[in-house]
Structures are given as structure tokens and as C-alpha cells.
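Take a look at the letters that make up each chain.
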Amino acid sequence: MSNQQHFKYSTGVIAYPVFFIMLIWIVFWLQVRFFPWIKKLGVYPLEPEGLLGIFTSPLVHSDIQHLYHNSIPLFILSVALFYFYRKIAWKVLLYGILLSGLITWFIGRPSNHIGASGLVYVLVSFVFFKGVFAKHYRLVALSLMVVFLYGSMIWYVFPVKEGMSWEGHLGGLISGFVFALIFRKSVAKPERYVWQEPDYNEEDDPFLRHFDENGNFIENPEPVEEDIETSEENQVQIKYTFKGNKD
């Protein structure tokens, strides 16, 4: 697949992130207005009933500030995911929710872990490490942009703030790194020039023939044997064609 096919804009690049952001805001509105018990649909570590929260916790938030802080990075990173990694975007999102939730369920403190921040860490980690592994200049630039915007988030994978689910952040960071390794081949390849090919021969390069061993420019370089043979064949073909037209 060419780089043009990899980096191709479609309505889904914006529509899918907008839909997900609208969904978590609608869930929060329902939680505040009608169903306050929604807030309990989080991950309860090492408890069987807490497994449901693996799927529902990204939709649940404690307050408007919690929701707001997750909405902006989630939208930006989702747009980047669907544009630069369109073929594997849904796999990263769905498997990221599942794996980061499972890690939180295993290592989390006995509490109700809610919020989409775990998914945000999945996207930050995946986009950063995927760009580093791919070595494509666009993806590397995207990785550097992610570090610039969200590099300080690395501190919140440690228990530095009371009441914050650092376990969910750590689970997201690990999940993103794992998916960057698993989907290592599903990415645009760096462009290769002719002179980067293993069978490249400088003597066959028509451009380099215009320079001698000292780097001096030669306007009319001497043709090599293959060029002479090809030229003679063309002349024979031209004569044969001319003769045929005459008859």
C-alpha cells in the first residue's frame, strides 16, 4: 500500500471521534439527570462484578472537570489515529479498552476506577511508539508532537496524586506499547530512492555519468556499451520500418 493510501482523509477521521465524544457526554448527562448509579459502572479490581467496568468505565466520569480533561486529548488523538493508522484504528481502540481495563482490574487498588483516561494513555503510547518504530518522517513528526503536547502525562502513571487511577494510566501506557509492537508492520514504509536499493550500481546511473572521479561536470559523457548496442538496435529497427513503409 502506498503512502497516499495510508494517509488518506475520509469523513470517518472526524466523524468517529466526534461520535465517541458525544457518547461520553450523553452518558454523563444521563448520569447527572436521571441515573446516578451509572457512576458505579467502573472497574472494581479482582472482583468478578468489576469485570463489566472494563467495557463501561471509559464512558463514565466523576464530574464535569474529569470529563472535560479527557475529551480534548481523546478527540485529538483519535483523529490522528484514524488518519495515520486508518486500517488498524478500530483494533487499537477496542483492544486498547479491553487490555488496559484488564490490567487495571489485576493491579488496581480496591476502588471504583472510571474515566476515559486509560484510553487516552493507550493512544498517547501507541502513537508515540508506533512513529518511533516506523521511522517514517510523518509518523516520527507525529510522535514528537505527542511528546510536546502530552509528554508531562508520563508522571501520572505513578501514584503522585490522591484519588487518581494511576493504575488505569499505567495499563493504558503498557497497552499502547504492546499494540505498537504487534501492529509494527501495518504502517506506511519510508520512501526508498533508487540509490538506496541493494542492487544499485553507480556506473548505471545516467545522472552520475555526468561527473568524473573528481566531481567535475561532463556535459556529454561517453556512452557505455549497453547504450551503444541499444542505439544500433534502434537504428536497425528504424531502417526496417522505413523500408517496409516504402514497399
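See the structure shown above.
Keep in mind it's a predicted model, so treat the numbers as computed, not measured.

**Concerning the overall build of the chain**
Step number 1: Across its full length, the chain carries 9 helices and 0 strands.
Step number 2: Its helices and strands in sequence order give the chain the pattern α-α-α-α-α-α-α-α-α, from N to C terminus.
Step number 3: Across the 247 residues in the chain, those meeting the buried criterion constitute 37%.
Step number 4: A separation of at least 24 residues holds for 75% of the contacts in the chain among residues at least 6 apart in sequence.
Step number 5: Of the roughly 16,000 Å² that the chain leaves accessible, carbon and sulfur atoms contribute 64%.

**Topic: the pattern of salt bridges**
Step number 1: Evaluation of the coordinates by the stated rule reveals 1 salt bridge.
Step number 2: Across the pair glutamate 167 and arginine 109 runs a salt bridge whose closest N-O atoms are separated by 2.6 Å. Here arginine 109 lies in the loop between helix H5 (89-107) and helix H6 (117-134) and glutamate 167 lies in helix H8 (residues 166-182), a separation of 58 residues in the sequence.
Step number 3: Using a relative accessible area of 32% as the deciding quantity, one classes arginine 109 as partly exposed.

**Concerning the nonpolar core**
What tends to happen in soluble globular proteins is that the nonpolar side chains get buried as a cluster.
Step number 1: If you look at the biggest cluster of nonpolar residues, it comprises 38 residues, and the most contacted ones within it are Leu74, Leu81, Tyr85, Val92 and Phe126.
Step number 2: At 9 residues, H6 tops the list of elements feeding residues into this core.

**Quick word on the environment of isoleucine 107**
Step number 1: Residue position: isoleucine 107 is located in helix H5.
Step number 2: Overall, the relative accessible area of 40% leaves isoleucine 107 in the partly exposed class.
Step number 3: Sequence separation between isoleucine 107 and proline 45 is 62 residues; the distance between their C-alpha atoms is 7.1 Å.
Step number 4: The contacts of isoleucine 107, once residues within four sequence positions are left out, are Glu167 and Leu170.

Cut-offs and rules
Residues numbered from 1 in each chain as written. Predicted model: local features only at pLDDT ≥ 70, side-chain atom pairs only at ≥ 80, totals over all residues. Heavy atoms only, no water. Helix = DSSP H or I, 4+ residues; strand = E, 2+ residues; numbered from the N terminus. Buried < 20%, exposed > 50% of the residue type's maximum accessible area, 1.4 Å probe, protein only. Contact = heavy atoms within 4.5 Å. Areas by Shrake-Rupley, 256 points an atom, 1.4 Å probe, with all protein chains shown as cover. Salt bridge = Lys/Arg side-chain N within 4 Å of Asp/Glu carboxyl O. Core = buried A, V, L, I, M, F, W, Y, C linked by side-chain atoms within 4.5 Å.

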